[in-house]
Amino acid sequence: MQLSPLFILMTSGPKASMAVEADANISLASFSKEDAGFHLSGTVTEPATATEPEMTYKVAISFDRCKITSVTCGCGNKDIFYCAHVVALSLYRIRKPDQVKLRLPISETLFQMNRDQLQKFVQYLITAHHTEVLPTAQKLADEILSSNSEINQVHGAPDPTAGASIDDENCWHLDEEQVREQVKLFLSQGGYYGSGKQLNSMFAKVREMLRMRDSNGARMLTLITEQFMADSRLALWRQQGTGMTDKCRQLWDELGALWVCVVLNPHCTLEEKACWLRQLRKWGDMDVCPLEDGNYGNELPNITTALTQSSSHRQDSLVRPRRTVFTRAIEGCELHWQDSHLQRIISSDFYISTSFQREGEGLLFNSQGQPLWLEHVPTACARVDALRSHGYPKEALRLTVAIINTLRLQQQRQLEIYKHQKKELLQRGATTITNLESWVGHPLNPIGCLFLTLTEACRVEDENCLEISDAGDSKPPVYQHVPVANSYPEGGESYLSLALEVALMGMGQQRVMPEGLYAQDKVWRNEEQIIVRLQELELDAVLVQTLRKQCILLLEGGPFSGLGEVIHRESVPMHTFAKYLFSALLPHDADLAYKLALRSMRLPVLETTPSGDVTHPHHIVSVVPSRYPRWFTLGHLESQQCELASTMLTAAKGDMLRLRTVLEAIQKNIHSSSLIFKLAQDAFKIATPADNSSDTTLLNVALELGLQVMRMTLSTLNWRRREMVRWLVTCATEVGVRALVSILQSWYTLFTPTEATSIVAATVMSHNTILRLSLDYPQREELASCARTLALQCAMKDPQNCALSALTLCEKDHIAFETAYQIVIDAASTGMTYSQLFTIARYMEHRGYPLRAFKLASLAMTHLNLAYNQDTHPAINDVLWACALSHSLGKNELAAIIPLVVKSVHCATVLSDILRRCTMTAPGLAGIPGRRNSGKLMSTDKAPLRQLLDATISAYINTTHSRLTHISPRHYGEFIEFLSKARETFLLAQDGHIQFAQFIDNLKQIYKGKKKLMLLVRERFG
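Residues numbered from 1 in each chain as written. Predicted model: local features only at pLDDT ≥ 70, side-chain atom pairs only at ≥ 80, totals over all residues. Heavy atoms only, no water.

1. Things to note about the nonpolar core
- Residues Ile224, Phe228, Trp259, Phe326, Leu649 and Phe751 are the most contacted members of the largest nonpolar core, which totals 251 residues.
- Of all hydrophobic cores here, the second largest spans 18 residues; its members include Phe38, Val44, Tyr57 and Val59. (Core = buried A, V, L, I, M, F, W, Y, C linked by side-chain atoms within 4.5 Å. Buried < 20%, exposed > 50% of the residue type's maximum accessible area, 1.4 Å probe, protein only.)

Have a look at this one:
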């Protein structure tokens, strides 16, 4: 018995050391070349384990022409894979054919029995399995005894051990119900719990089936698609107008691509293709069928459309039919393989022409006589993918070479066209995009397909390539140069160099940014996938030569290249691609590497919108009049631009000329302050390694970038601004004292006054900075002078926020300090709040200037207004401090502050607190030199406390009436306590008890309606 390698792939693998007993029924035709088939049955014993007892299972397998057509096993395993017991029995039959007893089909054995033997056989069979087969046996007996039964209308009887007829279809066993259940389960998990990987594994299984030319491949894909279309989330997404998740979207893309492979099977029948077409149209017509572009109607051309289209077709592109994920497969059904030129290309390595000839309008060969294949590039690549997928790797390789030769010829002609248009395009500074369909991010992944086809031919197969480490990481592939079959020996071309060349051509194609978030996301994701594969190539002399040649062609490619001199405003940026090229080229041709990377730094969509450039084939300009038309991935693109710049900065370390060029490119092309700040930080980090001396050239670049960030964010809100300012001071400190002097002198172009005083100047003047720079006295004085000048300028510009910092910075210079103080006094009456003035007043007291503190506190009091009910106001502590300061200075100062307090404070409890404090100690305890203090306590019957006492009593009376207006019973107790405090204040006056008694009587008269409250008042106060 022979088994396809797919049999091993379709199994879950047998468990260790199973005992197997088996026998087989061989049909009479089984020894012929056709191997008509047989039935294999046996028992498989699974040994006992620490947790499981020994188990024995009955297994039955039907074969037909080297294929397993059905299986049953007593283990009851439900999966799309064969269970371990089926595998064990099959391998036992393969490895030990002599130990499997062969039997004739059961029908032949029955034919040799007489009536008595047949009756005994049936009765013994029923007795042995009476619980299982007795009902069936009775039913069959009834039907046989009935002359009109259906069973008597057919001659003979079925025999499961005899094998199928030679004309019957045969295919590998596939449990369709299990496929449906598995897909439904994975879809219900919504991409979680590894279900996405499981579905991709099923897609890979389909591809493997196609490669083995197993007819179950299309069957399995149909079952998978049916479950995808039955996914309940499709209708939900459509109703809500929301897009599906990226993981789901990728699965649908793979599903569509697989159907393209299936319908392009070069050896499928017309009936099969017609059946697939009907099914695909049915799915595509369903409302819930996902669209190809994810969100919007697609503007991509038909799969069979030629590469170039005339301008007359552009109007038609405005209205295109609905394109679903199956549209390309439906279009693929129109393709065929009967073209004689195509047949010759894929059938021979030596199909060449000795003359440069045309056939009609189509060019068949290039100037070297190598065949060309002029077809829409993604369509041609879909043919390659179909050939690979259906097990025709050599044919796929031949067609790939023809496609690349065609692309080369097109590139050559494009260069010639550009030479004639170059002067006009450079003068205009704009261009159109001729490529209507991007090859990178395309649903059919044409570039990835060609690259894989070529590299597979060059892969060195390791004997242990199937072994995977515990971490699950397979070894990176190893490639070798394999000469191209029909190339000239002196050309030195290999499939590996062609792979590199076609990847560079595809990635360098100038293409318009597609519409929709998913399509744009797919572009950069596909870019990264191709680059990962390119990085697996070890660049030897041959590949470096290919790399240099293609990079030069891309730089000279004009409007056909994304690296040309002039590109369209909405051309897909080349940052990611250029970063790879720069790193790959740098060790071999630094000038070319920098030229290419510097040109790729541009991001035209962020430049000013051009006035007249509306010539590209899409109608986006008129539909979306935005400055950044529908660029959903702009953030990612800008980050890639930043990565490219950072890579160049790192490489240019120590080379001032190159660094200056890179710096200019950054300043010209990067428009995000946060990204420029990131570049500045990167440059600073690279320039100041922990284990080595600093690189001055790169440090200066970091500083210049930091200064640019400061200028960009000076007048805009940025939550990282404080971090940026602190970093810039650190960077300037690392550069040296001249950099610090420079930022101090030009602070107004870089910082706000608050930043300049509180962060910049304060940090520059700190002890740590002085030690870090090892400054001598003249340098310290220069820095201090610049810092004081800055402080005074900031205080003049923004006294509210900078006055205190200015005073602090000018402490050691008398003239500067006096100037700063005068600035505060001048601004106090107009531009400063009481809290700012109180803060500066407290600072003055702390520094030993109590009279100046008193003056500032008095000015602060004029700005304050404390209402009767604001007994928790934050300024209360400042008021109490100001009064305490005045009291400590003497009677005159207290007399000066009390009228201000009376005017500003209307809260009775605060006034009584001030009054109490003033009567507890004698004034003038501060001991101001030159003053005499009496040391006597002050009387509340005389000025200035008499005014304060009257104001306090008045405040209590007014507050009482205010509180009684809206008082509730639950506040009665609190109110009585308030009156008790009021009485204490009243009693400080000589006739206070009389005043309070009159006050209480007045309350009783006015508020006699509040009987309960007045009762409480009488109980407490009489």
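Now that the structure is up, let's keep going.
2. Here we look at helix α11 (residues 270-284)
- With 15 residues, α11 ought to run about 21 Å at 1.5 Å a step, and its terminal C-alpha atoms sit 21 Å apart, in line with that.
- Taken together, the buried positions of α11 are occupied by Lys273, Trp276, Leu277, Leu280, Trp283 and Gly284. Each buried residue of α11 lies within a common arc of 130° when the element is viewed along its axis, so the set occupies one face. For α11, the exposed residues lying more than 90 degrees away from the buried face are Glu271, Arg278 and Lys282.
- The inward-facing, buried residues of α11 abut α8 (216-229), α10 (246-263) and α12 (327-332). (Helix = DSSP H or I, 4+ residues; strand = E, 2+ residues; numbered from the N terminus. Expected span 1.5 Å × (residues − 1). Arc of directions from axis to C-beta. Contact = heavy atoms within 4.5 Å.)

3. Focus: the pairing of strand β2 (residues 38-46)
- For β2, the buried fraction is high: 7 of the 9 residues fall into the buried class.
- Where β2 meets strand β3 (residues 55-63), 9 bridges bridge the pair, whose relative direction is antiparallel. Within β3, the position partnered with phenylalanine 38 by the bridge is phenylalanine 63. (Pairing = 2+ DSSP bridges.)

4. Re the packing of aromatic side chains
- Across all of its chains, the model carries 16 aromatic pairs by this definition.
- Between the aromatic rings of tyrosine 956 and phenylalanine 978, the centroid separation amounts to 5.2 Å while the plane-to-plane angle is 50°, which identifies the pairing as tilted. Linking tyrosine 956 in helix α39 (residues 945-965) with phenylalanine 978 in helix α40 (residues 972-986), this pair joins segments that are 22 residues apart in sequence. The same class applies to tyrosine 956 as to phenylalanine 978, namely buried.
- Taken together, the ring pairs in this structure connect Phe203, Phe228, Trp252, Trp259, Trp283 and Phe326 into an aromatic cluster.
- Lying across the ring of tyrosine 821, arginine 852 places its NZ or CZ 4.4 Å from the centre.
- Geometry around phenylalanine 978 places arginine 963 over its ring, the cationic atom sitting 4.8 Å from the centre. (Phe/Tyr/Trp six-rings, centres within 6.5 Å; stacked < 30°, edge-to-face > 60°. Lys NZ or Arg CZ within 6 Å of the ring centre and 35° of its normal.)

5. Concerning empty space enclosed by the protein
- Considering all chains together, one arrives at 10 cavities of 30 Å³ or more under this definition.
- Taken as a whole, the second largest cavity holds about 220 Å³ of empty space.
- Taken together, 16 residues make up the lining of the second largest cavity; nearest its centre are Gln411, Gln414, Trp439, Met505 and Phe560.
- Those elements that provide at least two residues to the lining of the second largest cavity are α15 (393-428) and α19 (541-555).
- If you tally residues by element for the lining of the second largest cavity, the top one is α15, at 5 residues.
- Here the lining of the second largest cavity is composed, by residue class, of 8 nonpolar, 8 polar and no charged. (1 Å grid on protein atoms, 1.4 Å probe; cavity = no way out; pocket = protein on both sides within 12 Å on 5 of 7 lines; lining within 4 Å. Points joined across faces, edges and corners; volume = space filled by probe spheres on them. Nonpolar A, V, L, I, M, F, W, Y, C, P; charged D, E, K, R; others polar.)

6. Let's talk about the side chain of arginine 511
- Tracing the chain through its elements places arginine 511 in the loop between α17 (495-507) and α18 (517-535).
- One polar contact links arginine 511 to serine 438, side chain to side chain, over a distance of 3.3 Å.
- A distance of 3.1 Å separates the side chain of arginine 511 from the side chain of glutamate 527, its partner in a polar contact. (Polar contact = N/O pair within 3.5 Å; in protein donor to acceptor, adjacent residues only side chain to side chain.)

7. Concerning unusual backbone geometry
- Here arginine 213, not a glycine, exhibits a phi torsion of approximately 55°, which is positive.
- Mapped onto the elements of the fold, arginine 213 is located in the loop between α7 (195-211) and α8.

8. Some details on the state of the cysteines
- In this structure the tally under the stated criterion is 0 disulfides.
- Of all cysteine sulfurs in the structure, the one in cysteine 73 sits closest to cysteine 75, which takes part in no disulfide; the separation is 3.5 Å. (Disulfide = S-S within 2.5 Å.)

9. Thoughts on the confidence of the model for the chain
- Per-residue confidence for the chain averages 83 on the pLDDT scale, and 85% of its residues sit at or above 70.
- The low-confidence segment residues 25-37, where pLDDT is below 50, has 37 contacts with residues more than four positions distant or belonging to other chains. (pLDDT = per-residue confidence, 0-100.)

10. Details of the pattern of salt bridges
- This model, assessed by the stated rule, comprises 41 salt bridges.
- Note that arginine 115 is salt-bridged to aspartate 116, the shortest N-O span being 4.0 Å. Each member of the pair, arginine 115 as well as aspartate 116, carries the same accessibility label: exposed.
- A salt bridge links lysine 522 to aspartate 253, with the nearest nitrogen and oxygen atoms 3.0 Å apart. Of this pair, lysine 522 sits in helix α18 while aspartate 253 sits in helix α10; the two residues are 269 residues apart in sequence, bridging distant segments of the chain.
- The network of salt bridges with common partners includes Arg207, Glu254, Asp385, Arg388 and Glu456. (Salt bridge = Lys/Arg side-chain N within 4 Å of Asp/Glu carboxyl O.)

11. A few points about helix α13 (residues 340-347)
- Among all positions of α13, only His341, Leu342, Ile345 and Ile346 are buried. Projected onto a plane normal to the axis of α13, the buried residues spread over an arc of 125° and lie on a single side.
- Check the buried side of α13 and you find it contacts α14 (377-389) and α15.
- Its side-chain oxygen 3.0 Å from the backbone nitrogen of histidine 341, aspartate 339 forms the N-cap of α13.

12. Section: the side chain of threonine 769
- Along the chain, the position of threonine 769 falls in helix α30 (residues 767-773).
- Judged by its relative accessible area of 6%, threonine 769 is buried.
- Setting aside its immediate chain neighbours within four residues, threonine 769 contacts Thr733, Leu740, Thr763 and Val764.

13. Some words on a nonpolar patch on the surface
- A cluster of nonpolar residues, Ile106, Phe121, Val122 and Leu125, forms a patch on the protein surface that exposes about 290 Å² of accessible area.
- Here the element with the most residues in the nonpolar patch is helix α4 (residues 115-128); it accounts for 3 residues.
- Along the chain, valine 122 falls in helix α4.
- Taking relative accessible area as the criterion, valine 122 reaches 40% and is therefore assigned partly exposed. (Patch = residues over 30% accessible without salt bridge, like charges linked within 9 Å, V, L, I, M, F, W, Y side chains within 5 Å. Areas by Shrake-Rupley, 256 points an atom, 1.4 Å probe, with all protein chains shown as cover.)

14. Observations regarding the packing of helix α20 (residues 575-585) against helix α21 (residues 590-600)
- Where α20 meets α21, the axes come as close as 9 Å, and the angle between the chain directions of the two elements is 170°. What the angle tells us is that α20 and α21 run roughly antiparallel. Listed contacts from α21 to His575, Ala578, Leu581, Phe582 and Leu585 of α20 are Ala590, Leu592, Ala593, Tyr594, Leu596, Ala597 and Ser600.
- When its residues are assigned to classes, the contact of α20 with α21 shows 10 nonpolar, 2 polar and no charged. (Axes fitted to C-alpha atoms, helices over the stretch in contact; angles between N-to-C directions. Parallel < 35°, antiparallel > 145°, perpendicular 65-115°, else oblique.)

15. Notes on the packing of helix α33 (residues 814-828) against helix α35 (residues 850-862)
- Where α33 contacts α35, the two axes come as close as 10 Å, and the packing angle between them is 20°. Regarding the angle of α33 to α35, the classification is roughly parallel. You can see that α33 and α35 cross each other, and the crossing is left-handed. Contacts between α33 and α35 involve Phe817, Glu818, Tyr821, Val824, Ile825 and Ala828 from the former and Arg852, Lys855, Leu856 and Leu859 from the latter.
- A class-by-class count of the residues in the contact of α33 with α35 yields 7 nonpolar, no polar and 3 charged. (Left-handed = near helix turned anticlockwise from the far one by under 90°.)

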